[in-house]
Structure formats: structure tokens, C-alpha cells
Amino acid sequence: ANNFTELKGHVFKKFDEGTLLQVLCADMVERFQMFVFLLLVTIQNWAKDGRVSNQAWIQEWGPMVMFVFASELGVDWIKHAFVTKFNKIEPEVYNRYRDVIWEHVCNAWRLREPHRVAKHIGFVSLPLSVVFLRVCYHTLSPAELERISHNWLVLLPLAVVWWLVCS
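The structure reproduced in this document is the subject of the present report.

Criteria and cut-off values
- Residues numbered from 1 in each chain as written.
- Predicted model: local features only at pLDDT ≥ 70, side-chain atom pairs only at ≥ 80, totals over all residues.
- Heavy atoms only, no water.
- Phe/Tyr/Trp six-rings, centres within 6.5 Å; stacked < 30°, edge-to-face > 60°.
- Helix = DSSP H or I, 4+ residues; strand = E, 2+ residues; numbered from the N terminus.
- Buried < 20%, exposed > 50% of the residue type's maximum accessible area, 1.4 Å probe, protein only.
- Salt bridge = Lys/Arg side-chain N within 4 Å of Asp/Glu carboxyl O.

Here we take up the packing of aromatic side chains. Applying the stated rule across the entire model yields 3 aromatic pairs. Between F32 and F123, the aromatic rings sit 5.5 Å apart at their centres with planes inclined by 85°, giving edge-to-face as the arrangement. Of this pair, F32 sits in helix 2 (residues 17–48) while F123 sits in the loop between helix 5 (115–121) and helix 6 (125–139), placing them 91 residues apart in sequence. In this structure F32 comes out as partly exposed when scored by relative accessible area, which is 24%.

What follows concerns the pattern of salt bridges. It is possible for side chains bearing opposite charge to pair when their charged atoms get close. If you walk through the whole model with that rule in mind, you get 5 salt bridges. For D76, the salt bridge is made with R31, and the minimal N-O distance between the two is 3.2 Å. In this pair, D76 sits in helix 3 (residues 55–86) while R31 sits in helix 2, placing the two residues 45 residues apart along the sequence. Here D76 falls in the buried class, since its relative accessible area comes to 1%. A salt bridge links K79 to D76, with the nearest nitrogen and oxygen atoms 3.6 Å apart. In this pair, K79 and D76 are both assigned in helix 3, 3 residues apart and thus about one turn of the helix distant.

Below, the structure written as C-alpha cells:
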């Protein structure tokens, strides 16, 4: 139902190239949030099933997660196809959008201000970070949390990636 509402809300509106960039950025944020939420649901189901990650569990759970993510990608693709067609926007505009976003990333990296990219695309990291930490804290047992905290070789790269993405 949410995907149909998204299609209906965007397809029949008038867009120019600047507004389409905002829609593209919102889609990027939505995909990242969906990835994090699917990861959290996977962690919770893994914990509920007794922390068994055998081949059968992966074969049962993996396609469901991939279907949810693929359906979101498909709806976004259809939405952008209709928007570009009905507003007579050339598809090459997405190459310019890629260049603009890449320029923001490079400038933020050079200036050591990663929050600039998040601000440009409209990503607010604090609520997502709090939800992620809270779900992990309540899902994982104290022994698992302690084992994870002692394995700093795994945590350090994950923390750096999380900081780069969410700051």
C-alpha cells in the first residue's frame, strides 16, 4: 500500500530537474533506512530462532529480505521512469545528479565534514542510531554483547563505517 501511495503521489505531479534531485535524495535515504530496518528484523529473527544460522534458515529468510528490498527498488525505478517521461526530463540528468552528489562527498571528505553530505541529502542519523542501538541491546544477550565488545577488531571497522555514514 505504501508503494502504491508513493507511485500515485509522485507520478502525476509536475517536476523540474531541481525537484527531481530532492526526490532522488529522499529515495537514497529511504533505501538506507530500509536496509537498516531489514538488518534489525534479521537480527531479531536470528535471536528468536535460537541464534541458528544454518543453510535452511538463510534459504528461508534471505529471499524474503531480498524481495522486500527489490520491490522498493522496482517501485522507485518505475516512479522515476514515469516522472522523467511525463515531465520531459532527459535520463542523462541522473549523470549530473551523480556528479553533484559525488562532488559533495569529495568536498566533505576533503574538509573533514561528513555531516555536509547527510544535510544535503536530508538524512537525520540520530533517530536511526538510537533505534539500532536499542534493538541490538534488547535483542542480544549480555554475554553476546560482552563478546562483541571484547572483539574490537570487528567493532572498529564497523564503528568507522557507521560514523562515516551517519555523521
